[in-house]
Amino acid sequence: MKQTVIGIMSLPPIIESGVSQILGKSKAAGRTIHRIDESRAMEQTARLRPSVIITDPLLAGHGIIDAIRSAAEGPSPKFIGIQHCSLPKSTLELFDAVVSLYDPAPELETAIEKLAAKEPDDMEEKSSALSQREKDVVVSIAKGMSNKEIAAQMNVSVNTVMTHRRNISAKLKIHSPAGITIYAIVSKLVKLEEIRTQLP
């Protein structure tokens, strides 16, 4: 039987209590639930290897979500956002699924089952592979270069650089320069020393 590890991170106490009750009543076998402290999220997710992390889109920092995805060895956890107010589309796009606080309890169970059942296959891995040009853009972003500087270095237009950045974000599901920098370091596209030289 497949073991499903679920992480609960950055939820307000009342919402966390409700989510824990819903998951506690579940008849799904082989499931364990762990609380993840955002300040130790990298270490805890590396150790626990959760399939799904449930969090609050307002409380979980975008950078931590990108960092967890970038640093994952093997499949990265899927993120479910518990939405309790109106949020911008850009915030909701960070998540693999969003469940409203006003949805019936089975909606959370359905989202968990769908996401935990998804196994990465060769097609997904191929579709998420970056082209050499995209890797060059990732390296440039990690080094702190602006779109204009990247365009000049690659001898392309700024619009082309912006298209590459959109494609990189879509493929990696990373939406911040900090997350892309972490990805570049973890993937050995850039050395830490190369980034440090950019710091004041």
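Refer to the structure presented above.
Just so you know, these numbers come straight off a predicted model, no measurement behind them.

Trainee: How should I be thinking about the pairing of strand β3 (residues 52-55) in this particular structure?
Mentor: Working note: regular strand, side chains alternate between the two faces of the sheet. Where burial is concerned, the two faces of β3 agree: the one with V52 and I54 and the one with I53 and T55 are both buried. Bridge analysis of strand β1 (residues 4-9) against β3 gives four bridges, and the strand direction is parallel. Bridged to M9 within β3 is T55. Across four bridges, β3 lies against strand β4 (residues 78-83) in parallel orientation. Opposite I53, over in β4, you have F79 as the bridge partner.

Trainee: Whenever I open this one, the packing of helix α7 (residues 132-142) against helix α9 (residues 158-172) confuses me. Can you help?
Mentor: Two quantities define a packed helix pair, namely the angle between the axes and the distance from one axis to the other. Where α7 meets α9, the closest approach of the two axes is 10 Å, and the angle between their N-to-C directions is 95 degrees. Classified by the interaxial angle, the pair formed by α7 and α9 is roughly perpendicular. Within the contact between the two elements, α7 uses R133, E134, V137, V138 and I141 and α9 uses H164, R165, N167, I168 and K171. Residues of the contact of α7 with α9, tallied by class, amount to four nonpolar, two polar and four charged.

Trainee: Is there a simple way to think about the layout of surface pockets in this case?
Mentor: A probe matching the size of a water molecule, rolled over the atoms, marks out where space remains unfilled. Taken as a whole, the second largest pocket encloses approximately 150 Å³ of empty space. Taken together, 13 residues form the lining of the second largest pocket, with V19, I22, S100, L101 and D103 sitting closest to its centre. The greatest single-element share of the lining of the second largest pocket, amounting to five residues, is contributed by helix α1 (residues 13-25). Counted by class, the lining of the second largest pocket contains 10 nonpolar, two polar and one charged residues.

Trainee: Could you clarify how one ought to interpret the nonpolar core in this entry?
Mentor: Most often, soluble globular proteins keep nonpolar side chains buried together rather than apart. Among the nonpolar cores identified, the biggest contains 18 residues, and V138, I150 and I168 are the most heavily contacted of them. Sorting the residues of this core by element identifies α7, α8 (147-154), α9 and α10 (177-186) as the ones contributing at least two each. With four residues, α7 is the single largest residue contributor to this core. Listed in part, the 17 residues of the second largest apolar core include I8, V52, I54 and A116.

Trainee: Explanation requested: the side chain of Q44 in the structure shown.
Mentor: Here Q44 shows up in helix α2 (residues 41-48). The class of Q44 is buried, set by a relative accessible area of 6%.

Trainee: Just to check I follow, could you spell out α10 for this structure?
Mentor: Each α-helix turn comprises 3.6 residues. Residues three or four places apart therefore point the same way. Those residues of α10 that fall on the buried side of the exposure criterion are G179, I180, T181, Y183 and A184. Trailing α10 by a residue or two, K188 shows a phi angle of about 60 degrees, which is positive.

Trainee: Explain the sheet that holds β3 to me, please; I cannot follow it from the model alone.
Mentor: Strand pairs in the sheet, formed through backbone hydrogen bonds, run parallel or antiparallel to each other. Within the open sheet, the five strands sit side by side as β2-β1-β3-β4-β5. Their pairing is parallel. With one partner strand each, in any of the chains shown, β2 (31-36) and β5 (97-100) form the two edges of the open sheet. Averaged over all neighbouring strand pairs, the angle between strand axes comes to 25 degrees, with direction disregarded. Here β4 pairs with β5 via four bridges, running parallel. Counterpart to I82 in the pairing with β5 is V99. Each of β1, β2, β3 and β4 is contacted by α1, which is oriented at about 165 degrees to β1, the strand it contacts most. Set on the sheet, α2 makes contact with β1, β2 and β3; between it and β2 the angle comes to about 165 degrees.

Trainee: Can you walk me through the environment of G81 in this structure?
Mentor: Residue position: G81 is located in strand β4. Among the residues examined, G81 registers a relative accessible area of 0% and is labelled buried.

Trainee: Would you take a moment to explain the packing of α8 against α9 for this structure?
Mentor: Running from amino to carboxyl end, α8 crosses α9 at an angle of 105 degrees, the nearest separation of the two axes being 8 Å. One way to sum up the angle between α8 and α9 is to call them roughly perpendicular. Residues N147, K148, I150, A151 and M154 of α8 form the contact with α9, whose own contacting residues are V158, V161, M162, H164 and R165.

About the thresholds
- Residues numbered from 1 in each chain as written.
- Predicted model: local features only at pLDDT ≥ 70, side-chain atom pairs only at ≥ 80, totals over all residues.
- Heavy atoms only, no water.
- Buried < 20%, exposed > 50% of the residue type's maximum accessible area, 1.4 Å probe, protein only.
- Helix = DSSP H or I, 4+ residues; strand = E, 2+ residues; numbered from the N terminus.
- Pairing = 2+ DSSP bridges.
- Axes fitted to C-alpha atoms, helices over the stretch in contact; angles between N-to-C directions.
- Parallel < 35°, antiparallel > 145°, perpendicular 65-115°, else oblique.
- Contact = heavy atoms within 4.5 Å.
- Nonpolar A, V, L, I, M, F, W, Y, C, P; charged D, E, K, R; others polar.
- 1 Å grid on protein atoms, 1.4 Å probe; cavity = no way out; pocket = protein on both sides within 12 Å on 5 of 7 lines; lining within 4 Å.
- Points joined across faces, edges and corners; volume = space filled by probe spheres on them.
- Core = buried A, V, L, I, M, F, W, Y, C linked by side-chain atoms within 4.5 Å.

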